[in-house]
Amino acid sequence: MNKPNEGKAAIKHIESDYDKEIVLVSDFSAFDMKKAPLYDAVILDFTDKKGCLELLKTIRSSFIESIYLLPIFVLSIIEIKDDEIGQLSDGVINNIQTDSINSFIEKVKVKRKQLKPFTPSPEIDKNLIKLLRFSFTREKSLLPVKDRHSVIGYKYPLINLALDSKDAGAEMKAITKAVEEGFFSAKFIDRMHLCGKCYSGFLNYKEVDPETGDAHLETENIIHHFSCAYMGPESDFVREDKLICPKCTKTLRHIGVDYDKPSVMYHSIESDRYFQDPEMKVECLNCGHINDIEGLVQYDLFELSLTDEGIDEAIQPTGSQSAADTVYSGYITYATFGTFLRFEIERVKSSQKNSSIGLLRPGITSEIENDLGHQYQKLIEEISAFVVNNTTASHILSRSVNSFFILMPETPLDKCNMAMEKMKKSLKTLLENNVKDHDIEVHASVREITPNSEYQSVLNDLRAGILKD
Amino acid sequence: MFIEYWETFVLYWHDKDTLEIIRTFWFFFILELPRFLLFDFIIVVSVIFNRKSIDRKRQIARKLLWAEMPLISIIVPGKNEGPHLYKLVNSLKEQTYFNYELIVVDDGSDDDTPLIGRDLEKNGMIHQFIRNDVRGGKASAANLALRYTKGKFIVHLDADTSFDRDSIENILLPFYYGENIGAVGGNIKVRNYEDTFCASLQAIEYINSISMGRIVASELGIYRIISGAFGAFRTDVIKRLGGWDIGPGLDGDITVKFRKIGYKIHFEYKAIGLTNAPTTFKALSKQRLRWSKSLIRFRLKKHSDIYLPGRNFSILNFVSFLENVTYDVILNILWWLYIIDIIMHNSQMLAVVIPLKIAMYMAMDFIQFSLFLALSERARKESKLYLYIPAMVFYNSYYMRFVRTLAYFKEIFFDSSYKDPWNPAKTSVKALQNKL
């Protein structure tokens, strides 16, 4: 049934058994962005490829959460090879199956409910929060896609929408910062070599005369005639289709017996210079800068997956905490915890008394979380209180979603391990008593903080330990 | 006992008249003294007396050289010469003559030479560094350098040679004061003469036999070997000749090729290059076996047409070869007969005759060395070598003659030079097939 103000079949309402406002858009010019928040999901018809991508970009480039987090599907009966559409949309469908669309809408809704509103401030990077929230609500990694219009030849579609597409450096900095702050884990995808001046990936690699920089070169084999010891470029020997020695006029018949080719010589046509070791130069086709190979910027592209810290930041951006922080009474923020950990490592270096750190994580999956509904928040608060009550005042605590970090200054590893095992058992009992329908495992991991410890690797090891537990 | 011996010695002299003495030491008095002392004396005296005139000619030549200031190409072929390259480059940087291009050919080195060469090339200290991954032999490496030269003259060097500041300038002068000069040989001396006894003896040998011999041969117009360590060539002529042929002994061979087409060869004793001589007798023997074998190969085999009358016959070339073969081959063999003759005819007096013979050679070496010092630019320094002169008779008369005889025997009967690892087997096989 068409809505009266949406004209013809340009925007078509999709009937379904679920009470959801799902529309199919065929004429993209008729789509009114102001009404986007009213829809539960939008299906874009891929018949107009250009229009489809443009609208997709327009929706995702918005900074209004109810717009950019809108579930969008692309309808196409043919396979779409455009990775950008794959990244920006929530899936390509070849027919309208409302069941799967509905379940996706529900999933996004549950996730969105967890997102806490925040007031924009200079401390908060709204681009970053948008990335985190998009990734969090979709449980989706951010992947770079090949794009010949992008300066580096690749782009992260969602990140690219928010930044000047010609400023590759800004995109690189944004990603590096997000990974360094621990919001994303990075899995290697590809390595790029970019212009040292403008970060462009459109480079022309060429061999040049090391003295004149001339690129108009030709190469020739050097031939050594064994009989008379003449050695010179192949052109000295070529007579029609034969090789004839210019010194002794003998015909060279058999390589390895009459002659060999011990090297190659480069000839610069412009300067008439001969040399063997040309220089490799890289001309940037974007800014014209001539780079040395060593002067290129090496840039790795990663698949970016949200970490627990990233989820935490997505739900409530650092610097936006207000009254809600009181819920985590007894805990410090993850960023502050990181600072404490750094100080602790420095302290251990000077005192030579090792400390320990533990991580406790109840295995509450998103399914359990969905099933628990409002009870979930209550359960987490109970676990938080349990951890606070089972630690001493000297312990420093931080919470990241359902991960509990416990820094135990001047505590040997075995003591820390014992304490964590004890807490793990007690927490397991507590969960068994509170959640009857699910068997929730509790995982724990401990690490020692020594003078040689490195902040990031301690936290990484700790997380890795959880996976093995 | 010494008094008895002395009496016998005096009596021997008293009893013999001059002819009998000459009969006994006929090899020395008839064959060696005139060639190695008389000629030296005449030439040195002539050079000293004509010094002013020679200096004038050199001055004019120097003006002509600087007026033209041609580009010259210095070529350095070799294998595993990397460690010497930096010193060589620095030695050349100090030269008074600076309009040169330096081309180094690395003939399949298996050490750090490619890295060193490329580094020097990148820093502009070598104009062209050419690297062959596969070894081809010294001749082919020199020919490859020759192919890319642009200079009017080619100066061929060994990488371990260093030079007096005016050496390059001096080696070019003969092209400007001599007529029809195709190539000029530099004067090679031993740099490491203080290292070992063996090196000290070679230092005297280089002065007495090699340098002195070449001054004389050059003045007589029969100079026939330009040292590979330091020689200059007219580029147009050497390219016409097709460059160097397969060695060992390619330096002597290229000189003969110049002579055969009518060019004069000059020895420039003021163009000084210093090189390291072998420090052990084992290494020295190996080097000299190679040199002597090449004499047979090139003088008696490859260029045997020099002896035959023909269109290109030249009396000077004939004399040059004849003198070379006579003094280095025939007399070397004759010397063994001379020894037998002395033993047979003086069996009772050997205790007197042998020391006497040795004393005569010592005296000749002493005079010859003194004559050369009269011309030498570093006479004071070289005068230290007087101490070693007494040993030269044993070095020249016994050790060297033995090495040479062995080399001639091996080369004449077994073509031994074609098996020398100094050249890669692939080229030696071809050289033997083609009798090169």
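Everything quoted here is computed from the prediction, not taken from an experiment.

Draft legend 1. Highlighting the overall build of chain B. Along chain B, the regular secondary structure elements total 17 helices and eight strands. Expected size for 436 residues packed as a compact globule is a radius of gyration near 22 Å; at 23 Å, chain B falls within 12% of this value. Overall, the C-alpha framework of chain B stretches about 75 × 50 × 50 Å when taken along its three principal axes. The burial tally for chain B puts 56% of its 436 residues in the buried class. When contacts within chain B are restricted to residue pairs at least 6 apart in sequence, those whose partners lie at least 24 apart make up 82%. Counting only carbon and sulfur atoms, one obtains 63% of the accessible surface of chain B, whose full area is about 19300 Å². Computed over 56 positive and 45 negative side-chain charges, the inter-centroid distance for chain B is 5 Å.

Draft legend 2. Inspection of the nonpolar core at higher detail. Of all hydrophobic cores here, the largest spans 103 residues; its most connected members are Ile74, Trp244 and Phe258 of chain B. With eleven residues, the single largest contributor to this core is helix H9 (residues 197-220) of chain B. When near neighbours in sequence (up to four residues on either side) are disregarded, phenylalanine 258 of chain B contacts Gly182, Ala183, Phe233, Arg234, Val237, Ile238, Leu241, Tyr263 and Ile265 of chain B. Core analysis: the second largest hydrophobic core is formed by 81 residues, Tyr154, Leu301, Leu372 and Met420 of chain A among them.

Draft legend 3. Inspection of the packing of aromatic side chains at higher detail. Within this structure, the stated rule accounts for 34 aromatic pairs over all chains. Between the aromatic rings of phenylalanine 337 of chain A and phenylalanine 405 of chain A, the centroid separation amounts to 5.7 Å while the plane-to-plane angle is 45 degrees, which identifies the pairing as tilted. Separated by 68 residues along the polypeptide, phenylalanine 337 of chain A in helix H10 (residues 334-351) and phenylalanine 405 of chain A in strand E21 (residues 403-408) bring together distant segments of the chain. Residue phenylalanine 337 of chain A is classed as buried on the basis of its relative accessible area of 0%. One aromatic cluster is present, built from ring pairs that chain together Phe233, Trp244, Phe258 and Tyr263 of chain B. Between the NZ or CZ atom of lysine 130 of chain A and the centre of the ring of tyrosine 68 of chain A, over which it lies, the distance is 5.4 Å.

Draft legend 4. Structural view of unusual backbone geometry. All names here are of chain A. Even without being glycine, alanine 229 reaches a positive phi, approximately 70 degrees. The backbone of threonine 249 shows a phi angle near 60 degrees, a positive value even though the residue is not glycine. Within the secondary structure, threonine 249 is located in the loop between strand E13 (242-243) and strand E14 (259-268). Given a relative accessible area of 61%, threonine 249 falls into the exposed group.

Draft legend 5. The domain arrangement of chain A, seen in detail. Here the domain parsing of chain A yields domain 1 (4-114), domain 2 (210-277) and domain 3 (321-468). Distance from the C-alpha centre of domain 1 of chain A to the C-alpha centre of domain 3 of chain A: 40 Å.

Draft legend 6. The arrangement of the pairing of E14 of chain A in detail. Residue and element names in this part refer to chain A. Burial runs high along E14: eight of the ten residues are buried. Two strands pair when backbone bridges link them, and E14 and strand E15 (residues 273-275) are joined in this way by three bridges, in the antiparallel orientation. Bridged to tyrosine 266 within E15 is phenylalanine 275. Hairpin geometry of E14 and E15 is characterised by an intervening segment of four residues between the two adjacent antiparallel strands and by a positive phi of about 55 degrees at aspartate 272.

Draft legend 7. Broad picture of the packing of helix H12 (residues 281-302) of chain B against helix H16 (residues 389-414) of chain B. Residue and element names in this part refer to chain B. With their axes 8 Å apart at the nearest point, H12 and H16 run at an angle of 50 degrees to one another. Compared by their axis directions, H12 and H16 come out oblique. When the axes of H12 and H16 are compared, the crossing they make is right-handed. The segment H12 lies against H16, with Phe281, Leu284, Ser285, Arg288, Leu289, Ser292, Lys293, Leu295, Ile296, Arg297 and Lys301 engaging Tyr395, Tyr399, Met400, Val403, Arg404, Leu406, Ala407, Tyr408, Lys410, Glu411 and Ile412. Considered class by class, the residues forming the contact of H12 with H16 number 13 nonpolar, two polar and seven charged.

Draft legend 8. Structural detail: the interface of chain B and chain A. Chain B puts 30 residues into the contact, and the matching count from chain A is 24 residues. Of all residues in chain B, the largest losses of buried area upon contact with chain A belong to Arg147, Tyr148 and Lys430 of chain B, amounting jointly to 26% of the total for that side. Where chain B packs against chain A, one counts five salt bridges. For lysine 247 of chain A, the salt bridge goes to aspartate 245 of chain B, with nearest N and O atoms at 2.7 Å. For the side of chain B that touches chain A, the secondary-structure elements that each account for two or more residues are helix H6 (113-122), strand E3 (128-132), helix H7 (138-147) and helix H17 (425-433) of chain B.

Draft legend 9. The arrangement of the state of the cysteines in detail. All names here are of chain A. Across all of its chains, the model carries zero disulfides over all chains by this definition. Free of any disulfide, cysteine 228 has its nearest neighbouring cysteine sulfur in cysteine 245, separated by 3.5 Å. Take cysteine 228: its relative accessible area is 7%, and that puts it in the buried class.

Draft legend 10. Local environment of the sheet that holds strand E2 (residues 22-25) of chain A. All names here are of chain A. Taking strand neighbours across the sheet as the criterion, the five strands line up as E1-E2-E3-E4-E5 in an open arrangement whose pairing is mixed. Looking at the sheet topology across the chains shown, the edges are occupied by strand E1 (11-14) and strand E5 (92-93). With four bridges joining them, E1 and E2 adopt antiparallel strand pairing. Looking at E2, one finds that histidine 13 is bridged to valine 23. Where helix H4 (residues 98-114) meets the sheet, it contacts E1, E2, strand E3 (41-45), strand E4 (72-75) and E5, and its direction lies at approximately 130 degrees from that of E3.

Draft legend 11. A look at the domain arrangement of chain B. All names here are of chain B. Looking at chain B, the domain boundaries give domain 1 (2-44 + 316-420) and domain 2 (57-312). A straight line from the C-alpha centre of domain 1 to that of domain 2 covers 29 Å. Of the roughly 4700 Å² buried where domain 1 meets domain 2, counting both sides, 68% is carbon and sulfur surface. On inspection of domain 1 and its partner domain 2, the count reaches seven salt bridges. With its nearest N and O atoms 2.8 Å apart, the salt bridge here joins glutamate 323 to arginine 224. Remark: the boundary between domain 1 and domain 2 carries 20 residue pairs in polar contact (both at pLDDT 80 or more). Looking at the side of domain 1 that touches domain 2, the elements that each hand over two or more residues are helix H3 (26-49), helix H13 (315-345), helix H14 (350-375), helix H15 (379-382) and H16.

Draft legend 12. Examining helix H11 (residues 250-260) of chain B more closely. Residue and element names in this part refer to chain B. Here H11 lies mainly inside the structure; nine of its eleven residues are buried. Turning to H11, its buried residues number three or more, namely Leu250, Gly252, Asp253, Ile254, Thr255, Val256, Lys257, Phe258 and Arg259. The first or second residue beyond H11 is glycine 262, which carries a positive phi of 95 degrees.

Draft legend 13. Summary view of the sheet that holds strand E1 (residues 72-78) of chain B. All names here are of chain B. Taken together, eight strands build an open sheet; the order of strands is E3-E2-E1-E4-E7-E6-E8-E5 and the sheet is mixed. Edge positions in the open sheet fall to E3 and strand E5 (162-163), since each of these has one partner strand only. Note that E5 and strand E8 (residues 264-275) share two bridges and pair antiparallel. Bridge pairing links phenylalanine 163 to glycine 273 in E8.

Draft legend 14. A look at the pattern of salt bridges. All names here are of chain A. Here the structure, examined in full by the defined rule, presents 53 salt bridges over all chains. As a salt-bridge pair, glutamate 139 and lysine 111 come within 3.0 Å of each other at their nearest N and O atoms. Of this pair, glutamate 139 sits in the loop between helix H5 (126-138) and strand E6 (145-146) while lysine 111 sits in helix H4; the two residues are 28 residues apart in sequence, bridging distant segments of the chain. Note on glutamate 139: relative accessible area 45%, which makes it partly exposed.

Draft legend 15. View of the confidence of the model for chain A. The predicted model of chain A has a mean per-residue pLDDT of 86, with 94% of residues at 70 or higher. Predicted confidence is poor over residues 1-8 of chain A, with pLDDT under 50, and the contacts of this stretch with residues over four places away or in other chains come to twelve contacts.

Draft legend 16. How the structure looks around H5 of chain A. All names here are of chain A. The terminal C-alpha atoms of H5, which comprises 13 residues, lie 18 Å apart, in line with the 18 Å expected from a rise of 1.5 Å per residue. For H5, a buried count of eleven out of 13 residues is recorded, marking the element as mostly surrounded by other parts of the structure. The complete set of buried residues in H5 reads Leu128, Ile129, Lys130, Leu131, Leu132, Arg133, Phe134, Ser135, Phe136, Thr137 and Arg138. Capping the start of H5 is the job of one residue whose side-chain oxygen sits 3.1 Å from the backbone nitrogen of asparagine 127: aspartate 125.

Basis of the calculations
- Along each chain, the written sequence defines residue order, and numbers are assigned to residues from 1.
- As a convention, the first chain written is A and the first ligand written is 1, with the rest following in written order.
- Local features in a predicted model are, by the rule used here, given only for residues with pLDDT of at least 70; side-chain atom pairs are given and counted only at 80 or more, and totals for whole chains, interfaces and linings are based on all residues.
- Side-chain metrics in this entry use all non-hydrogen atoms of the structure; hydrogen atoms and water are not considered.
- We count a stretch as a helix when DSSP gives it H or I for four or more residues in a row; a strand needs E for two or more, and each element gets its number in order from the N terminus.
- Computation of the radius of gyration draws on C-alpha atoms alone. For the globule rule, the value is 2.2 Å times the number of residues to the power 0.38.
- Only protein chains enter the accessibility calculation, which uses a 1.4 Å probe; a residue whose area is less than 20% of its type maximum is buried, one above 50% is exposed, and one in between is partly exposed.
- By the convention used here, residues are in contact when the closest approach between their heavy atoms is within 4.5 Å.
- Each accessible area is a Shrake-Rupley result for a 1.4 Å probe, and residues are judged covered by the shown protein chains and nothing else.
- Only four residue types enter the charge count: Lys and Arg as positive, Asp and Glu as negative, with His and the chain ends excluded.
- Taken as the charge centre is NZ of Lys, CZ of Arg, CG of Asp or CD of Glu, depending on the residue.
- Throughout this description, the term nonpolar core refers to a set of buried Ala, Val, Leu, Ile, Met, Phe, Trp, Tyr and Cys residues connected via side-chain atoms within 4.5 Å.
- Only centres within 6.5 Å qualify two rings of Phe, Tyr or Trp (six-membered ring in Trp) as a pair; their planes then separate them into stacked at under 30 degrees, edge-to-face at over 60, and tilted for everything else.
- Charges are assigned to positions over rings by a cutoff of 6 Å between ring centre and Lys NZ or Arg CZ, combined with an angular limit of 35 degrees from the ring normal.
- Per the annotation, domain bounds derive from an automatic or database assignment of domains.
- A strand pair is defined by DSSP finding two or more bridges across the two strands.
- Lines fitted to C-alpha atoms define the axes here, with helix axes fitted over just the stretch in contact, and angles between the N-to-C directions of these axes take values from 0 to 180 degrees.
- Here the angle decides the label: under 35 degrees means roughly parallel, over 145 means roughly antiparallel, 65 to 115 means roughly perpendicular, and every other value means oblique.
- Take the far helix as the reference: if the near one is turned anticlockwise from it by less than a right angle, the crossing is left-handed, and if turned clockwise, right-handed.
- Following the grouping adopted for this structure description, the nonpolar residues are Ala, Val, Leu, Ile, Met, Phe, Trp, Tyr, Cys and Pro, the charged ones are Asp, Glu, Lys and Arg, and the polar ones are all others, Gly among them.
- Once two parts are joined, some of their accessible surface, as seen by a 1.4 Å probe, is lost; buried area is that loss totalled over both.
- Salt-bridge detection follows one rule: a side-chain nitrogen of Lys or Arg within 4 Å of a carboxyl oxygen of Asp or Glu.
- Cysteine sulfur atoms are paired as a disulfide whenever they fall within 2.5 Å.
- The definition of a polar contact used here is a pair of N or O atoms within 3.5 Å, where within protein one atom must be able to donate a hydrogen and the other to accept one, and adjacent residues in sequence count solely through side-chain atom pairs.
- Each residue carries a pLDDT score, the predictor's confidence in it, ranging from 0 to 100.
- To estimate how far a helix should reach, multiply one less than its number of residues by 1.5 Å.

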